[in-house]
Amino acid sequence: MLPDIIYMETGGSPFMSLTVWFVGGMVAFFGSICYAELATSITVSGGEQAYLTKMYGPLVGFLFVWTNTLILNPGGLAAISLYCSEYIVVNIHNGYAKNETELQEDLANRSPYVKAAFAILIMGIASLVNALSAELGDKMNQLFAVVKVAAIGVICSIGFYWLVKGEWAQFETPYVSSHSTLNGAINGLMLSMWAYGGWSFLSWVTEEIVNPDRNVPLSLFIGISVVCAVYILFNFAIFCGPIITHEISDSPFILIYAKTAWGGWGWFFATFCILTATYGAVSSNTISTTRFYHACARDGHLPRALSLCLPSRSTPIVAILFNFVCTAVYII
């Protein structure tokens, strides 16, 4: 949904929208360099909590821990899970809706409890996988990342095909310098930072990384560079088509884009891409968040029970269960 929102926030200017994505990527890149320096200097898990405690004392670290534990982490996971559930419950079922009006009527009539149930199920599956085996959870995250990048590659290839055919009229929209559009660009920049935000999670699992002095900076440098390039190319591709020249509908760009290219099957393909991306985000956030709880509990900022691990599998089972319950409360 972020490409849609950022596009509308920037006054319907593709150039301004791409600029927002580029600037957001640069902020994330330089931020990740700072985190790489911290992670190689303070080589303990816990991320910001460990750094704030080291620099400003235990009170600041304690406040940060509880803010993340009660608000930021479960709230973010709940939002991603609900977004994934939205496509399971609604968009797959309506892949062949006769028109946009029929689709939106069906969207409005869906019970929020069904969406919440599917969101809790998605969170439960991610928690179960990571409780059974940290290695299995990591391999699944790698698989989803590969599938997601491959799907984005397919979508980008269609965009460049349209560009070669001359579908570039939407790029004739100039930068808009009005006050309202600049405010929208600032809002869009904040949204793009949310999309780029996963880079900070690597510092939460520093102790589990082999040779962190080398691998933390390298992985952040490569990861942010690739993600920034992929996001910009993806947004460029969805502007290289006949879709954006029409009035924006309530359906995400990617769904209309794929349905225009391939019909009903394109709708299902785009839905699969979104489900893959969102479940991968839920799973990876579950890994990093539970390790964060584990490290904080070990240092005394959270109840000691959260530091307990499953003896046979060395996974923080109590932290995983706690994370699932907190996220489920936000979903409901």
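For the structure itself, consult the block above.
Bear in mind that the values here come from a model prediction, so they are computed numbers and not experimental data. Along each chain, residue indices are assigned from 1 in the same order as the chain's sequence is written. Local features in a predicted model are, by the rule used here, given only for residues with pLDDT of at least 70; side-chain atom pairs are given and counted only at 80 or more, and totals for whole chains, interfaces and linings are based on all residues. Each side-chain value is derived from all of the structure's non-hydrogen atoms; neither hydrogens nor water enter the calculation.

Before going further, it helps to examine the overall build of the protein chain. Counting its secondary structure elements, the protein chain contains 12 helices and zero strands. Only protein chains enter the area calculation, which uses a 1.4 Å probe; residues under 20% of their type maximum are buried, those over 50% are exposed, and those in between are partly exposed. Split into buried and exposed, the 332 residues of the protein chain put 46% on the buried side. Considering only intrachain contacts with a sequence separation of at least 6, the fraction spanning at least 24 residues in the protein chain is 78%. For helices the rule is a DSSP run of H or I covering at least 4 residues; for strands it is a run of E covering at least 2, with both sets numbered from the N terminus onward. Here a residue-residue contact requires only that any non-hydrogen atoms of the pair lie within 4.5 Å.

A separate point is the nonpolar core. One recurring pattern in soluble globular proteins is that nonpolar side chains are buried together. We define the nonpolar core as a collection of buried residues of types Ala, Val, Leu, Ile, Met, Phe, Trp, Tyr and Cys that are connected through side-chain atoms lying within 4.5 Å of one another. Ranked by internal contacts, the top residues of the largest apolar core, which has 31 residues, are Phe234, Ile254, Leu255 and Tyr257. Only α4 (58–91), α6 (112–132), α7 (134–164), α9 (212–239), α10 (253–262) and α11 (264–298) provide two or more residues apiece to this core. In contact with phenylalanine 234, other than residues within four places in its own chain, are Pro3, Ile152, Ile155, Cys156 and Ile254.

Moving on: the environment of asparagine 285. Along the polypeptide, asparagine 285 turns up in helix α11. Taking the C-alpha atoms as reference points, asparagine 285 and leucine 77, 208 residues apart in sequence, are found 7.2 Å from one another. Setting aside residues no more than four positions away along its own chain, asparagine 285 makes contact with Leu77, Ile80 and Phe201. Nitrogen and oxygen atoms within 3.5 Å of one another constitute a polar contact, given that in protein one can donate a hydrogen and the other can accept it, and given that sequence-neighbouring residues count only through two side-chain atoms. One polar contact links the side chain of asparagine 285 to the main-chain carbonyl oxygen of alanine 281, over a distance of 2.6 Å.

Moving on, we get to the packing of aromatic side chains. The criterion for an aromatic pair is that two Phe, Tyr or Trp rings (for Trp, the six-membered ring) have centres within 6.5 Å, with stacked assigned to planes under 30 degrees apart, edge-to-face to planes over 60 apart and tilted to the rest. On inspection of all chains with the given rule, the structure shows 11 aromatic pairs. Seen from their ring centres, phenylalanine 29 and phenylalanine 30 are 5.5 Å apart, and the 80° between their planes marks the pair as edge-to-face. With 6.2 Å between their ring centres and 85° between their planes, phenylalanine 64 and phenylalanine 292 make a pair best called edge-to-face. Within this pair, whereas phenylalanine 64 is found in helix α4, its partner phenylalanine 292 is found in helix α11, the two being separated by 228 residues in sequence.

Turning next to the packing of α6 against helix α12 (residues 317–331). Helix axes are fitted only over the stretch in contact, all axes being lines through C-alpha atoms; the angle between N-to-C directions runs from 0 to 180 degrees. Put simply, α6 and α12 touch, their axes get as near as 10 Å, and they point 170° apart. Comparing their axes, α12 and α6 come out roughly antiparallel. Residues Ala116, Ala119, Ile120, Met123, Gly124, Ser127, Asn130 and Ala131 of α6 touch α12, and the partners they reach there are Ile317, Ile320, Asn323, Phe324, Thr327, Ala328 and Ile331. Gly is put with the polar residues, along with every residue not named as nonpolar or charged; the nonpolar set is Ala, Val, Leu, Ile, Met, Phe, Trp, Tyr, Cys and Pro, and the charged set is Asp, Glu, Lys and Arg. For the contact of α6 with α12, the per-class residue count stands at 10 nonpolar, five polar and no charged. In this scheme, roughly parallel covers angles under 35 degrees and roughly antiparallel covers those over 145, while 65 to 115 is roughly perpendicular and the rest are oblique.

Let's shift gears to the packing of α7 against α9. If you want to describe how two helices pack, look at the angle between their axes and the distance between the axes. Two numbers describe how α7 lies on α9: the axes approach to 8 Å, and their chain directions differ by 45°. By the criterion of interaxial angle, the relationship of α7 to α9 is oblique. α9 is crossed by α7, and the crossing has left-handed handedness. Across the interface between the two elements, Ile152, Ile155, Cys156, Gly159, Phe160 and Leu163 of α7 pack against Val230, Leu233, Phe234, Phe236 and Ala237 of α9. Crossings are sorted by hand: turned counterclockwise from the far helix by less than a right angle, the near helix makes the crossing left-handed, and turned clockwise it makes it right-handed.

What follows is about the side chain of threonine 278. Take threonine 278: it is sitting in helix α11. On the basis of relative accessibility, which here comes to 8%, the residue threonine 278 falls in the buried class. Within the structure, threonine 278 has its side chain in polar contact with the backbone oxygen of isoleucine 274 (distance 2.8 Å). With near-sequence residues (within four places) excluded, threonine 278 lies in contact with Ile80, Tyr83 and Cys84.

This next bit is on helix α3 (residues 48–56). Along α3, the residues that are buried comprise Glu48, Gln49, Ala50 and Tyr51. A positive backbone phi angle near 105° is found at glycine 57, which sits one or two residues after α3.

The next thing to look at is a nonpolar patch on the surface. A cluster of nonpolar side chains, namely Leu70, Ile71, Leu72 and Tyr330, defines an oily patch on the protein surface of about 390 Å² accessible area. Position of leucine 70 relative to the elements: it lies in helix α4. Judged by relative accessible area, which is 44%, leucine 70 ranks as partly exposed. Only residues whose relative accessible area exceeds 30% and that form no salt bridge enter a patch; like-charged residues are grouped when within 9 Å of one another, and nonpolar side chains (Val, Leu, Ile, Met, Phe, Trp, Tyr) when within 5 Å. For every accessible area listed, the method is Shrake-Rupley and the probe measures 1.4 Å; residues are considered covered only by the protein chains on display. Here a salt bridge means any side-chain nitrogen of Lys or Arg lying within 4 Å of a carboxyl oxygen belonging to Asp or Glu.

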